[in-house]
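In case you want the letters, here they are:
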Amino acid sequence: MLYLIGLGLGDAKDVTVRGLEVIKSCSRVYLEAYTSILSVGKEALEEFYGRELILADRETVEQESDEILRDAAVTDIAFLVVGDPFGATTHGDLVLRAAKAGIQHRVIHNASILSAIGCCGLQLYNFGETVSIVFWTDSWKPESFYDKIRRNRLSGMHTLCLLDIKVKEQSIENLMRGKKVFEPPRYMTVNQAAEQLLQIVQNRRELALTENTICVGLARVGATDQHIAAGTLQQLSAVDFGGPLHSLVISGCMHPLELDMLRLFAVEPSSFDQINVEDSSTYLSS
């Protein structure tokens with residue numbers, strides 16, 4: 001059996017009781033190490049689980065899945081994922097490969113940023129399509145996520161923006177030379193995402209948002225030092241959120257209760273005084 005086990009968002013203790021029982025009983029235990037991170041490292045997880053963990057980076061999961069699935073038809077293999085196993089599309093591919101090989105699978109779910117984002121006060125059923133914001137380079141500055149944000153806002157929906165993670169990335173120079181030398185890990189901050197969005201706002205005619213749109217920045221959701229700040233996009237570009245991982249939410253139409261919740265995390269309370277009243281139960285920032 002192949003078990004896909006969610007680890008939650010905080011630390012080693014966020015695994016479910018059922019998940020921990022399976023981890024302890026499996027022949028091999030892989031830790032997916034490229035779509036997200038916990039607030040503790042591999043060693044802390046091994047100590048708590050009482051098991052050795054095999055790190056599985058993007059190359060291992062996407063190109064060497066046969067090794068992960070080896071003997072899974074006759075023994076139990078665990079594949080651990082920060083958050084929930086299906087928070088990343090890669091893991092659906094692993095399930096399909098297992099099915100093709102005649103290997104059964106079971107999923108043990110856990111909290112994901114897709115559900116825990118409700119901690120900021122915006123109601124989950126008011127969210128539209130989730131988008132990913134990637135690091136820009138001097139020669140590559142994609143803006144496709146902006147169009148999705150625009151569609152969400154036109155529908156009155158909030159947008160969860162997942163921010164880029166660069167783990168085991170190679171420089172162009174090392175790629176060209178065939179050197180397996182990796183760059184230090186990089187995790188996009190709310191500030192960097194806000195700055196990229198502000199640049200797009202300055203250059204676009206069809207605006208999805210402005211520098212005064214109410215947004216929410218979140219850091220280390222689920223950890224004991226979780227940090228949430230609500231304010232304009234411009235304000236969030238200057239807030240210190242601390243270490244990774246960060247997420248950004250662009251607000252859509254807000255119910256009065258959502259607005260009251262956001263005020264709890266306000267960078268500057270007066271920023272919420274300029275929000276437009278659409279009707280008796282709907283508010284929308286510019």
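Here the structure is a predicted model, which is why all the values come from computation and not from measurement.

Procedures and definitions
Residues numbered from 1 in each chain as written. Predicted model: local features only at pLDDT ≥ 70, side-chain atom pairs only at ≥ 80, totals over all residues. Heavy atoms only, no water. Buried < 20%, exposed > 50% of the residue type's maximum accessible area, 1.4 Å probe, protein only. Helix = DSSP H or I, 4+ residues; strand = E, 2+ residues; numbered from the N terminus. Pairing = 2+ DSSP bridges. Right-handed = clockwise from strand over helix to strand, strands pointing away. Lys, Arg positive; Asp, Glu negative; His and termini not counted. Salt bridge = Lys/Arg side-chain N within 4 Å of Asp/Glu carboxyl O. Polar contact = N/O pair within 3.5 Å; in protein donor to acceptor, adjacent residues only side chain to side chain. Contact = heavy atoms within 4.5 Å. pLDDT = per-residue confidence, 0-100. Arc of directions from axis to C-beta.

For strand S7 (residues 159–163), a buried count of four out of five residues is recorded, marking the element as mostly surrounded by other parts of the structure. Looking at chain direction, strand S6 (residues 131–133) and S7 are connected through three bridges and run parallel. When the sheet's bridge partners are listed, Ser132 is paired in S7 with Leu162. Handedness of the β-α-β unit built from S6, helix H7 (residues 144–154) and S7 comes out right-handed. Alignment of S7 against strand S12 (residues 246–250), held across four bridges, turns out to be antiparallel. Its bridge partner lying in S12, Thr159 is registered against Ile250.

Moving on: the side chain of Arg51. Position of Arg51 relative to the elements: it lies in the loop between helix H2 (42–49) and strand S3 (54–56). Among buried Asp, Glu, Lys and Arg side chains, Arg51 stands out as unpaired, with Glu52 the closest opposite charge at 7.2 Å. Polar contacts involving the side chain of Arg51 include one to the main-chain carbonyl oxygen of Cys26, which spans 2.5 Å. Of note is the side chain of Arg51, whose polar atom sits 3.3 Å from the backbone oxygen of Ser27. Those residues in contact with Arg51, other than ones at most four positions away along the chain, are Ile23, Lys24, Ser25, Cys26, Ser27, Arg28, Val29 and Glu46.

Residues with a pLDDT of 70 or more make up 94% of the chain, whose mean pLDDT is 91. Per-element averaging of pLDDT across the chain places helix H8 (residues 172–177) at the bottom with 67 and strand S11 (residues 227–232) at the top with 98.

With respect to the element layout, Gly19 can be found in helix H1 (residues 17–25). Since its relative accessible area comes to 0%, Gly19 is described here as buried. Taking the C-alpha atoms as reference, Gly19 lies 20 Å from Ala73; in sequence the two are 54 residues apart. Setting aside residues up to four positions removed in sequence, Gly19 forms contacts with Ile5 and Ile108.

Let us look at H7. Restricting attention to buried positions, one finds in H7 the residues Phe145, Tyr146, Ile149, Asn152 and Arg153. Down the axis of H7, the sector holding all buried residues measures 120 degrees, keeping them to one side. Summarising the geometry of H7, the exposed residues directed more than 90 degrees from the buried face are Ser144 and Leu154. Elements that come into contact with the buried residues of H7 comprise S6, S7, helix H9 (190–203), S12 and strand S14 (282–284).

Let us look at the side chain of His91. Along the chain, His91 turns up in helix H5 (residues 89–100). Judged by its relative accessible area of 0%, His91 falls in the buried class. Separated by 2.8 Å, the side chains of His91 and Glu32 make a polar contact. Setting aside residues no more than four positions away along its own chain, His91 makes contact with Leu4, Glu32, Tyr34, Thr35, Phe79, Val81, Pro85 and Phe86.

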